[in-house]
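Letter by letter, the chains look like this.
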Amino acid sequence: MRTVVRRVMAMIPALLGVLVAVFLLTRVLPGDPARTLAGEQADAATVERIREQMGLDRPLPEQFVSYVGALLRGDLGFAWHTGRPVVEDIATRLPATIELGLAALLIAIAVGVPLGIAGAVRRGRIIDHVTRIVSLAGASMPLFWLGLLVIAVFAFQLGVAPAPIGRIGDDVLPPTRITGLYVLDSLLSGDTVALGSSLQHLIWPAMVLATGATAMIARMTRSAMLEVLGQDYIRTADAKGLPPATVVVKHAFRNASPAVLTVVGLELGQLLGGAVLTETIYSWPGVGSYVTQSILATDYAPVQAFTLLAAAIFLVVNLLVDLGHAAIDPRIRHAA
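Everything numeric in this text was worked out from a predicted model, so none of it was measured. In this numbering scheme, every chain counts its residues from 1 along its sequence in written order. Only residues with pLDDT of at least 70 are given local features in this predicted model, and only at 80 or more are side-chain atom pairs given and counted; all residues enter the totals for whole chains, interfaces and linings. Think of the side-chain values as coming from all heavy atoms in the structure, minus any hydrogens and water.

J.: Would you mind showing me how to read helix H9 (residues 192–229) here?
T.: Three or four residues apart is the spacing at which side chains of an α-helix point the same way, because the helix has 3.6 residues per turn. Numbering of helices and strands starts at the N terminus; helices are DSSP runs of H or I of at least 4 residues and strands are runs of E of at least 2. To estimate how far a helix should reach, multiply one less than its number of residues by 1.5 Å. The first and last C-alpha atoms of H9 sit only 46 Å apart over 38 residues, clearly below the 56 Å expected at 1.5 Å per residue. Bend, in this description, refers to the angle at a residue between axes fitted to the seven residues ending there and the seven starting there. Of all the bends in H9, the greatest, near 45°, is centred on Thr211. Between N or O atoms, a polar contact is any pair within 3.5 Å; within protein, one atom must be a potential hydrogen donor and the other a potential acceptor, and residues adjacent in sequence are included only when both atoms are from side chains. N-cap assignment for H9: the residue whose side-chain oxygen lies 3.4 Å from the backbone N of Val193 is Asp191.

Printed below as a string of structure tokens:
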């Protein structure tokens, strides 16, 4: 418990640093939010009146104090380009981003971990070369380029993927809202039509988003497994005649799992950043596309809210990874 409290307290300075950095960075973005909101044909008096309403005519320190005070009251600001409070916009769109991010993470783990284990166990064989090629290609491939390529080939040329028009087909009604996750809500409500359509629309952007994470997880799993497989206790387990699957899974992977858990946690944070591009390319109505629209409209509040949210999620995931390490490895638990 003391470890958890200490780690939670250590998160506060990090969040404050992100808060200050994001506030200053949004103020130096090119463009004038008041001019964008008023329109290019608006006169100077109108633009100035809007600037006063947005609080942009006040000194930066005063704006910052006002911003922090609003945050402490749970007010994330007002999105001028949607005409709604930011907290309402994010609450509406967050389930779509969570669904996409979880699907991508599951794909990355399901493909990356077995690939990394196979590459380490069969070092120097064909599967090892495949693992290294996949790791290199996945880590170096630009996400936006891959997304456009997948759409052009599989949606428009081969016709095996649905058009990138959101979370569900135009001719299908969304499932009854329970959690906001279309796949889960379809299962809970027994709506097979919505389930099939939502899966078809989810799998392609999820695979694109998972590409980089798959590469990193496969690479780190292979490295961690190679290090463990060279230890004396693994040779002892082999000499005792234990089945190879038992040696790999029970003895080797169990000891390599802290390194794998670390990279999975880091990749979850990376997926949030990748979601901004993926959601924009696939017209996915999540928080990522919302932030893109906010940047184009030079709307400060949604960008600040998303960055803070991403930072908070990243810190919480790191905390969970540390707790997971302690649960897996008794040495870490006793050291804490």
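J.: I keep staring at the nonpolar core and nothing clicks. Help me out?
T.: Nonpolar side chains in soluble globular proteins tend to end up buried together. Counting residues in each nonpolar core, the largest one holds 41 residues, and the members touching the most others are Met225 and Tyr282. Put simply, the parts of the chain that give this core at least two residues each are helix H5 (86–121), helix H7 (143–157), H9, helix H10 (232–239) and helix H11 (244–281). At 12 residues, H9 tops the list of elements feeding residues into this core. Any two residues whose heavy atoms approach within 4.5 Å are treated as being in contact. In this structure, Tyr282 is in contact with Gly147, Val150, Ile151, Pro164, Ile165, Gly166, Trp204, Pro205 and Val208, ignoring residues within four places of it in sequence. Here, nonpolar core refers to any group of buried Ala, Val, Leu, Ile, Met, Phe, Trp, Tyr and Cys residues whose side-chain atoms link them within 4.5 Å. Exposure categories follow from relative accessible area, calculated using a 1.4 Å probe and restricted to protein chains: below 20% of the type maximum is buried, above 50% is exposed, and the middle band is partly exposed. Ala79, Val287, Ala305 and Phe306 belong to the second-largest nonpolar core, a separate cluster that totals 10 residues.

J.: How should I be thinking about a nonpolar patch on the surface in this particular structure?
T.: Here a patch means residues that are over 30% exposed by relative accessible area and free of salt bridges, tied together within 9 Å if like-charged and within 5 Å if nonpolar (Val, Leu, Ile, Met, Phe, Trp, Tyr). Reported accessibility uses the Shrake-Rupley method at a 1.4 Å probe radius. Residues are deemed covered only where the shown protein chains occlude them. In the sections that follow, a salt bridge refers to a side-chain nitrogen of Lys or Arg positioned within 4 Å of a carboxyl oxygen of Asp or Glu. Taken together, the side chains of Phe144, Trp145, Leu148, Leu149, Val153, Phe154, Leu158, Val160 and Leu277 present a nonpolar region at the surface, about 810 Å² in accessible area. Element by element, the count of residues in the nonpolar patch is highest for H7, at 6 residues. By the element assignment, Leu149 lies in helix H7.

J.: Looking at this structure, I do not really get the confidence of the model for the protein chain. What am I missing?
T.: Detailed reading of the predicted coordinates is not advisable wherever pLDDT falls low. Within a predicted model, pLDDT stands for the predictor's per-residue confidence, ranging from 0 to 100. Mean pLDDT for the protein chain: 86, with 97% of residues reaching 70 or above. The lowest-confidence element of the protein chain is helix H14 (residues 330–335), averaging 63 in pLDDT; the highest-confidence one is helix H8 (residues 182–189), averaging 93.

J.: What is the right way to look at the packing of helix H12 (residues 287–296) against helix H13 (residues 300–328) in this model?
T.: Each axis is a line fitted through C-alpha atoms, and for a helix only the stretch in contact is used; angles between axes span 0 to 180 degrees, taken between their N-to-C directions. Across the interface, H12 lies against H13 with an axial gap of 8 Å and an inter-helix angle of 145°. Of the two possible hands of crossing, H12 and H13 adopt the one that is left-handed. The segment H12 lies against H13, with Val287, Tyr290, Val291, Ser294 and Ile295 engaging Pro302, Val303 and Phe306. Each residue receives one of three labels: charged for Asp, Glu, Lys and Arg, nonpolar for Ala, Val, Leu, Ile, Met, Phe, Trp, Tyr, Cys and Pro, and polar for the others, Gly being one of them. For the contact of H12 with H13, the class distribution of residues is 7 nonpolar, 1 polar and no charged. Note on convention: the crossing is left-handed when the near helix lies turned anticlockwise from the far helix by less than a right angle, right-handed when the turn is clockwise.

J.: How do you make sense of the pattern of salt bridges when you look at a structure like this?
T.: Side chains that differ in sign of charge can pair as their charged atoms come close. Applying the stated criterion to the full structure yields 8 salt bridges. Measuring nitrogen to oxygen at the nearest pair gives 3.4 Å for the salt bridge that ties Arg84 to Asp89. Overall, the relative accessible area of 33% leaves Arg84 in the partly exposed class. The class of Asp89 is buried, set by a relative accessible area of 4%.

J.: Explanation requested: helix H6 (residues 126–140) in the structure shown.
T.: Here H6 is 15 residues long and its end C-alpha atoms lie 21 Å apart, about the 21 Å a rise of 1.5 Å per residue gives. Among all positions in H6, only Asp128, Thr131, Ser135 and Gly138 are buried. Buried residues of H6, seen end-on, are gathered within an arc of 105° and therefore sit on one face of the element. Set apart from the buried face of H6 by more than 90 degrees, the exposed residues are Ile126, Ile133, Leu136 and Ser140. Residues of H6 that are buried make contact with H5 and H9. The arc in question is traced by the directions running from the helix axis to the C-beta atoms.

J.: Even after reading the chapter, I still don't get the side chain of Asp185, so can you show me in this structure?
T.: Structurally, the position occupied by Asp185 is in helix H8. Charge assignment in this entry is limited to Lys and Arg as positive and Asp and Glu as negative, and neither His nor the chain termini are counted. It turns out Asp185 is buried and unbridged, and the closest side chain with the opposite charge, Arg177, is 6.2 Å from it. When residues no more than four places from it in sequence are discounted, the contact partners of Asp185 are Pro175, Thr176, Arg177, Ile178, Thr179 and Gly180.

J.: Whenever I open this one, unusual backbone geometry confuses me. Can you help?
T.: A positive phi is found at Ser283, a non-glycine position, where the angle reads about 50°. You can see Ser283 is positioned in the loop between H11 and H12.

J.: How should I be thinking about the packing of aromatic side chains in this particular structure?
T.: Here a ring pair, both rings aromatic, is described through the centre-centre distance and the interplanar angle of the planes. Pairing of aromatic side chains here covers Phe, Tyr and the six-membered ring of Trp, requires ring centres within 6.5 Å, and sorts the geometry by plane angle: under 30 degrees stacked, over 60 edge-to-face, intermediate tilted. For the coordinates displayed, the defined rule picks out 4 aromatic pairs. Centre to centre, the rings of Phe23 and Tyr67 are 6.0 Å apart; their planes meet at 20°, and the pair counts as stacked. On the criterion of sequence distance, the pair formed by Phe23 in helix H1 (residues 2–27) and Tyr67 in helix H4 (residues 60–72) is long-range, its members being 44 residues apart. Residue class for Tyr67 comes out buried when judged on its relative accessible area of 12%.

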